[in-house]
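Chain by chain, the residues run as shown.
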Amino acid sequence: DHVHQIIWQNVEAQCVGTVKPKGDKTLVVFIEDISLASRDMFNSSSVLELVRHLLDRKSIYSRAIPPVLNSIDHVQLLTTNQLRRGSPTSMPLRLLRNIFILNVCAQSDDDIRDIFSASLGWYHAIQEFPQSILTLRDRIIDASLTLYNEIHVQLKPNILCPHYLFSLRDLNAILAGMMLQTKEDILESTDSPENEHMRLWAHEVLRVFYDRIKDDNDRAWFLKVLKRVIWEHLGQDFDKLFKHLDLNNDGDIDADELRRLFFGSYRNGPGAVSKH
């Protein structure tokens, strides 16, 4: 087990049957998201039981064969447990009784705007983007947040699509991808800097969200919402922005054209971002 191996690598024998953190220090074990612990067919988890045994009994088995039970002290556990729609977030009561729980409410839309506005503002400043790109910052964030909120309402986990679990990490991935764009990318583009920037945003949205959508009806719904969000928040027509993907020249980019041509045509078409 990976968690057990990490703990055991950071302790040393003190005496027979007792181990302690190396260097006579306190060992802090941080588990980023304990709700992601794998479970068997009975909904039990060896990782959770290991953590529970460590906290409850203050002991840990060695990795020798046969394993030997050793007492251990000066170990602290820090973990998060993100609540996701449709995900198994219940923790065993035997584990919870050993944990001090601090509940942190989800950020408001205004808080999210402030966080990502500061991040993008910093990156745009060091890249010395033109003013036309700087004015798009807040509109890009509003478009991302609107799309994210609508996805949360419409695309919920189900039997056929249990992976429809979206969090602020996905929103962060979109904006992190946009930080790969440089001033040189914009200046070398054959299209306007604004269209180049909006095209990159649409590309990141499609890669983070659209690629995870399995159902054809959900794909059609997502594409329709994306086109509306781009028009309402960015004042641009999606079909014109990606007209180089229009195979049948009907003025409408559909899901099939995105699926067949997006990778190659995006990079080779107008406003392509070659480094991304």
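Placed above this text is the structure.
Rules and cut-offs
Residues numbered from 1 in each chain as written. Predicted model: local features only at pLDDT ≥ 70, side-chain atom pairs only at ≥ 80, totals over all residues. Heavy atoms only, no water. Helix = DSSP H or I, 4+ residues; strand = E, 2+ residues; numbered from the N terminus. Rg over C-alpha atoms; globule rule 2.2 N^0.38 Å. Buried < 20%, exposed > 50% of the residue type's maximum accessible area, 1.4 Å probe, protein only. Patch = residues over 30% accessible without salt bridge, like charges linked within 9 Å, V, L, I, M, F, W, Y side chains within 5 Å. Areas by Shrake-Rupley, 256 points an atom, 1.4 Å probe, with all protein chains shown as cover. Salt bridge = Lys/Arg side-chain N within 4 Å of Asp/Glu carboxyl O. Polar contact = N/O pair within 3.5 Å; in protein donor to acceptor, adjacent residues only side chain to side chain. Contact = heavy atoms within 4.5 Å. Phe/Tyr/Trp six-rings, centres within 6.5 Å; stacked < 30°, edge-to-face > 60°. Lys NZ or Arg CZ within 6 Å of the ring centre and 35° of its normal.

Enquirer: Tell me about the overall build of the chain, residues and numbers included.
Expert: Assigned secondary structure in the chain consists of twelve helices and six strands. On C-alpha atoms alone, the chain measures out to a radius of gyration of 24 Å, which is more than a quarter above the 19 Å that the 2.2 N^0.38 rule sets for 276 residues. Overall, the C-alpha framework of the chain stretches about 75 × 45 × 35 Å when taken along its three principal axes. For the chain, with 276 residues in total, the buried portion stands at 40%.

Enquirer: Can you explain a nonpolar patch on the surface? Please cite residues and give values.
Expert: There is a patch of nonpolar side chains on the surface, built from Val28, Phe30 and Leu78 and spanning about 300 Å² of accessible area. Here Val28 shows up in strand β3 (residues 27–31). Overall, Val28 belongs to the partly exposed group, its relative accessible area being 43%.

Enquirer: Report on the side chain of Ser144, specifying residues and quantitative values.
Expert: Among the secondary structure elements, Ser144 is positioned in helix α6 (residues 137–154). A polar atom in the side chain of Ser144 sits 2.7 Å from the side chain of Trp201. If near-sequence neighbours (up to four positions away) are discounted, Ser144 is found in contact with Leu171, Ile174, Leu175 and Trp201.

Enquirer: Talk me through the packing of aromatic side chains; I want residue IDs and the actual numbers.
Expert: Enumeration over the complete set of coordinates arrives at seven aromatic pairs. Both rings, one in Tyr123 and one in Phe129, keep their centres 6.2 Å apart while their planes meet at 75 degrees; by these two values the pair is edge-to-face. Looking at Phe129, the relative accessible area reads 5%, which means it is buried. Ring geometry for Phe238 and Phe242: centres 4.9 Å apart, planes at 45 degrees, overall tilted. For Phe242, a relative accessible area of 0% translates into the label buried. Linked through ring pairs, Tyr164, Phe166, Phe209, Tyr210 and Phe222 together constitute an aromatic cluster. Against the face of Phe242 rests Arg199, its NZ or CZ located 6.0 Å from the ring centre.

As far as function goes, none of this settles anything; it's purely spatial.
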